Amino acid sequence: MKLDHVAIAAPDHRPVLQALTGELGALVLSGGTPPRAGFRAMQVRLGRGLDGMTVEILEPYQPENNDFLARFVEATGGGVHHITFKTDDIVVEQARLQSIGIEPVGADFADPGWKEMFIHPKDAHGTVIQIAQSGWEAPPMDEWLAALPDALMIFDQSESGPWWDQSCVATAGVSATLERVVIATPDLDAGSDFYVGVLGGEADDRSVRWDGGEIVLEESTDRPRVERLEIRGHPTTEIASVRFVETRPR
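What comes next concerns the included structure. Residue positions are given per chain, counted from 1 along the sequence in the order it is written. The model is predicted, so local features are restricted to residues of pLDDT at least 70 and side-chain atom pairs to those at 80 or more, both for listing and for counting; the totals for chains, interfaces and linings are taken over all residues. Computation of side-chain values: all heavy atoms of the structure, hydrogens and water removed.

Two strands form a pair only when DSSP identifies at least two bridges running between them. Secondary structure follows DSSP: runs of H or I at least 4 residues long count as helices, runs of E at least 2 residues long count as strands, and numbering of each begins at the N terminus. As summarised here, the arrangement of the 7 strands in space is β11-β12-β13-β10-β14-β16-β15, forming an open sheet in which the pairing is mixed. The sheet terminates laterally at β11 (202–204) and β15 (237–239), the two strands that pair on one side only. Each strand axis lies, on average, 30 degrees off the axis of its neighbour in the sheet, ignoring direction. As judged from the 3 bridges shared by β11 and strand β12 (residues 207–210), these two strands associate in the antiparallel manner. Paired with Asp-204 across the two strands is Ser-207, which belongs to β12. In the packing of helix α5 (residues 188–198) onto the sheet, contacts are made with β10 (177–185), β11, β12 and β13 (213–219), and the angle to β13 comes to roughly 165 degrees. Here an angle of 0 to 180 degrees is reported between the N-to-C directions of two axes, which are lines fitted to C-alpha atoms, with helices fitted over the stretch in contact. For this analysis, residues touch if any pair of their heavy atoms sits within 4.5 Å.

Structure (structure tokens):
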């Protein structure tokens, strides 16, 4: 599988977008409003060329259709909502997970353009994991970034342009790179079993890597959770209750 992005939910996308682009130098890649999904989404890239990782911004929208994100934001105020991995064959992946005793939830394979399922935090070492199969092949990240803004992808079916507030897309003097997601856990072995054994990452001590990104496991006495996102090229900051921490040599 490929690590595609980490998703941050917020009640209002505008301050998050302003901070990610204006403070950290993120570039907007894509976005859309899935029908009846209860949210709007957009993705930005923290990094240049092939370096870095992708962050998704989620905002509740028409919660009368589906209120899962609105409930999450109301309960938490916002923060990291899930981590997404992509696969070439989600049906095979579903069967594999079931064979090892994990029953994915929220499986929806009806749309050939976007098939998805989720692993509940109780089975995913404390964090919602989305597994998806896309009917669209993204260009290599370095080529995509080089072609922006012309290569901006809009997936809205009902709107002619971006749903987000374009005035909040700012230009920063820096270009921070998102290097890794840090998962704090009281059980490092269980975390490794999940991210390596279940999700197929390549382990190097407590660092687990996939095409698309890296997760690092860190010992903690508290419950498993996303502790922080580590960035290079910018001092520590907090955006939407998520700590973006300046990375240190490992």
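Attention now goes to unusual backbone geometry. Residues Leu-148 and Pro-149 are joined by a peptide bond in cis, for which omega reads 5 degrees. When you line up the elements, Pro-149 lands in the loop between α4 (141–147) and β9 (153–154). Unlike most non-glycine residues, Ala-240 shows phi in positive territory, near 55 degrees. Assignment of secondary structure puts Ala-240 in the loop between β15 and β16 (242–246).

Once that is clear, we can look at helix α3 (residues 90–99). With a 1.4 Å probe rolled over the protein chains alone, any residue whose accessible area is under 20% of its type maximum counts as buried; one over 50% counts as exposed, and the rest are partly exposed. All of the buried residues along α3 are Ile-90, Glu-93, Gln-94 and Leu-97. Each buried residue of α3 sits inside an arc of 100 degrees when the element is viewed along its axis, so together they form one side. Exposed side of α3, more than 90 degrees from the buried face: Val-92 and Ser-99 are the residues found there. N or O atoms within 3.5 Å of each other form a polar contact, as long as, within protein, one can give a hydrogen and the other can take it, and as long as residues adjacent in sequence are counted only when both atoms are side-chain atoms. The residue sitting at the N-terminus of α3 and contributing the capping side-chain oxygen is Asp-89; that oxygen lies 3.3 Å from the backbone nitrogen of Val-91. Note on α3: the residue one or two positions beyond its end, Gly-101, has a positive phi of about 90 degrees. The directions from the helix axis to the C-beta atoms form the arc being described.

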